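Inside the fold
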Amino acid sequence: MTNSFNWLDDEIASLESRSLVRERREVQSLTAGRCQVDGNELWNFASNDYLGFANDPAVIAAARDALKEGVGAGASALVTGRTYWHAKVEQRLAEFKGTESAILFPTGFAANIGTIVSLVGPEDIVFCDRLNHASLVDGARHSKARFRVYPHCDMNALKTELEKSTDYRRRLIVTDSLFSMDGDVAPLAELASLSEQHDAMLLVDEAHATGVFGDQGTGLLEAQNVKSQNVVAVGTLSKAIGAQGGYVAGSRSLCDWLWNTARTNMFSTALAPPMCAAASESLRLIESEPHRREWLHSASQRVVETLRSQGWEIPDKVDGPIIPVLTDTPENTLNLSKKLQQQGILVAAIRPPTVPQGKSRLRISLSYAHRDEGVDALVQAFANLDR
Ligand SMILES: *Cc1c(COP(=O)(O)O)cnc(C)c1O
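Criteria and cut-off values
- Residues numbered from 1 in each chain as written.
- Predicted model: local features only at pLDDT ≥ 70, side-chain atom pairs only at ≥ 80, totals over all residues.
- Heavy atoms only, no water.
- Near = heavy atom within 4 Å.
- Polar contact = N/O pair within 3.5 Å; in protein donor to acceptor, adjacent residues only side chain to side chain.
- Nonpolar A, V, L, I, M, F, W, Y, C, P; charged D, E, K, R; others polar.
- Helix = DSSP H or I, 4+ residues; strand = E, 2+ residues; numbered from the N terminus.
- Contact = heavy atoms within 4.5 Å.
- Pairing = 2+ DSSP bridges.
- Axes fitted to C-alpha atoms, helices over the stretch in contact; angles between N-to-C directions.
- Phe/Tyr/Trp six-rings, centres within 6.5 Å; stacked < 30°, edge-to-face > 60°.
- Buried < 20%, exposed > 50% of the residue type's maximum accessible area, 1.4 Å probe, protein only.
- Lys NZ or Arg CZ within 6 Å of the ring centre and 35° of its normal.
- Parallel < 35°, antiparallel > 145°, perpendicular 65-115°, else oblique.
- Core = buried A, V, L, I, M, F, W, Y, C linked by side-chain atoms within 4.5 Å.
- Domains from an automatic or database assignment.
- Left-handed = near helix turned anticlockwise from the far one by under 90°.
- Buried area = accessible area lost by both parts, 1.4 Å probe.
- Salt bridge = Lys/Arg side-chain N within 4 Å of Asp/Glu carboxyl O.

1. Here we look at the site of the ligand
Every one of the 15 residues lining the ligand counts as a neighbour, but G108, D205, H208, T236 and K239 are closest to it. In this structure, a nitrogen atom belonging to the ligand sits 3.4 Å away from a side-chain N or O atom of H133. Between an oxygen atom of the ligand and a side-chain N or O atom of K239, the distance comes to 2.6 Å. Class assignment of the residues belonging to the shell around the ligand gives a composition of 2 nonpolar, 10 polar and 3 charged.

What follows is the structure in structure tokens.
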């Protein structure tokens, strides 16, 4: 008898030989800014919990209160799954982002896929930054629209592409706001003005920027003072907000359209209500505790300056809690991350296909939960590494 899955072992062996295999690690505990792996207590610099809400007592209490009523939503939001908790967090998100309306999705990934597929189809065209998140790329592909990739943040290239593309029914530009693997920010004001000149829709994925940028902490659209009717903002409840789920904030007609057409919402179970309750509490804390994001930005500056002075290569444009340390080969990257781990520091080793060949890196994610103590430990561990 043959086993038609035999090819899997060869493929995995091939990944292993190139230092590209991903370990299915179990984390024994996740507490504020810390984790336990293989029995060792580590500072966790591999989480996107930028503000420390995932383990915040007030956020946990909010989730626990909702949990008294039950665990799962039990159905799609369109069937019977949309509870008081869903409606409340949608309303809070709309207020927070300054939009008419907001709509939840099961994840940020699902929000991007569902939204892009609902906005464009085969008669349309999507323009995508070269470093956009996989969910934006997959959404664009799945929509069957024409797909154009422009070089990272290259507004001249995008302008040329827009000028050439007058024959399409609709045009959609999609971009991350804070880029997840490079830690730099998109020129949103320029993107918005291009979208207006060329009558294009602009989807801004605020996954890493929500809670982190802007005086009110609402994201990079706020920080760059972009107010355009052409913009749709997407985000996640699972990074700085510390819970789980995705959302889209925009006009009432946009949210109505998504409610009626976005299949990743329609055919997927609604978020667990305790996640919505936790997210509502985090939104309240983002408003009332600006010192969390202020600390984050000053800690980021300190880490970037200190690591550069130690001789590490950090891209010029890093602006926020994601700090890539460029290390070239996958082997070298994996090696350095192991040595950091021996010193009590967990940092993600990012390798192809997450980043292009030759662009492997250590990716440091800072969190308010680290406080100065964690940052001290981080920079000391890098100083101790022999390269
Ligand atoms: C993490 C991420 C997502 C997906 O969000 P989830 O809620 O984790 O599914 C989407 N876009 C970007 C830019 C992200 O970094």
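Still more to cover.
2. Concerning the side chain of T210
Residue position: T210 is located in the loop between β8 (201-205) and α9 (220-223). At a separation of 2.8 Å, a polar atom in the side chain of T210 contacts the main-chain carbonyl oxygen of E206. Residues contacting T210, with those up to four places away along its chain left out, are F96, K97, G217, T218, G219, A240, I241 and Y247.

3. Points about the sheet that holds strand β13 (residues 348-350)
Sheet architecture is open: 3 strands sit in the order β11-β14-β13, paired in antiparallel fashion. Of all the strands in the sheet, just β11 (322-328) and β13 have a single pairing partner and so form its edges. In this sheet, adjacent strand axes meet at a mean angle of 30° when their direction is disregarded. Pairing of β11 with strand β14 (residues 360-365), which is carried by 6 bridges, proceeds in the antiparallel orientation. Bridged to D328 within β14 is S360. The strands touched by helix α13 (residues 291-309) are β11 and β14; relative to β11, the strand with the most contacts, the crossing angle is about 20°.

4. Some thoughts on the packing of aromatic side chains
Aromatic ring pairs are described here by two measures, namely the spacing of the ring centres and the angle between the planes. Scanning all chains against the criterion turns up 3 aromatic pairs. Measuring from ring centre to ring centre gives 5.0 Å for Y84 and W85, while their planes differ by 70°; the resulting arrangement is edge-to-face. Of the residues examined, Y84 reaches a relative accessible area of 55% and is grouped as exposed. Taking relative accessible area as the criterion, W85 reaches 14% and is therefore assigned buried. Stacked on the ring of W43, the Lys or Arg R34 has its end atom at 4.6 Å from the ring centre.

5. Thoughts on the packing of helix α5 (residues 108-119) against helix α10 (residues 252-261)
Two elements in contact, α5 and α10, have axes separated by 10 Å at closest approach and are oriented at 100°. Classified by the interaxial angle, the pair formed by α5 and α10 is roughly perpendicular. Taking contact as the criterion, the partners of G114, T115, S118 and L119 in α5 are, on α10, L254, W257, L258 and T261.

6. Considerations on the nonpolar core
I364, L366 and F382 are the most contacted members of the largest nonpolar core, which has 81 residues in total. At 7 residues, helix α12 (residues 273-288) tops the list of elements feeding residues into this core. Shared between two domains, this core takes at least three residues from each, and those domains are domain 1 (25-50 + 290-384) and domain 2 (72-288). Setting aside anything within four residues of it in sequence, one finds F382 in contact with L307, Q310, W312, V325, L340, L362 and I364. Residues C128, A140, V234 and L258 belong to the second largest nonpolar core, which totals 22 residues.

7. Quick look at the environment of S253
With respect to the secondary-structure elements, S253 resides in helix α10. Along the primary structure S253 and I241 are separated by 12 residues, whereas in three dimensions their C-alpha atoms are 26 Å apart.

8. Looking at unusual backbone geometry
P352 connects to P353 through a cis peptide bond whose omega is 5°. Phi is positive for D328, close to 60°, though the residue is something other than glycine. Mapping D328 onto the fold places it in strand β11. With relative accessibility at 41%, the residue D328 sits in the partly exposed group. At R371, a residue that is not glycine, the phi angle is positive and equals roughly 50°. Tracing the sequence through the fold places R371 in helix α15 (residues 371-384).

9. Some remarks on the packing of helix α7 (residues 155-164) against helix α8 (residues 188-197)
Where α7 meets α8, the closest approach of the two axes is 11 Å, and the angle between their N-to-C directions is 15°. By the criterion of interaxial angle, the relationship of α7 to α8 is roughly parallel. Two packed elements cross with a definite hand, and for α7 against α8 that hand is right-handed. Every residue of α8 that contacts α7 at M155, L158, K159 and L162 is listed here: E190, L191 and L194.

10. Some thoughts on the domain arrangement of the chain
Looking at the assigned domains, one finds that the chain contains domain 1 (25-50 + 290-384) and domain 2 (72-288). Averaged C-alpha coordinates put domain 1 and domain 2 at centres separated by 27 Å. Here domain 1 packs against domain 2, burying approximately 1600 Å² in sum over the two surfaces, 56% of which is carbon and sulfur. Along the contact surface separating domain 1 from domain 2 lie 1 salt bridge. The residue R361 makes a salt bridge to D182 at a minimum N-O spacing of 3.2 Å. Taken together, domain 1 and domain 2 are joined by 10 residue pairs in polar contact (both at pLDDT 80 or more). Elements with a minimum of two residues in the side of domain 1 that touches domain 2: α13, β11 and β14. A per-element tally of the side of domain 1 that touches domain 2 places α13 first, with 3 residues. A breakdown of the residues in the side of domain 1 that touches domain 2 according to their chemical character gives 10 nonpolar, 4 polar and 6 charged.

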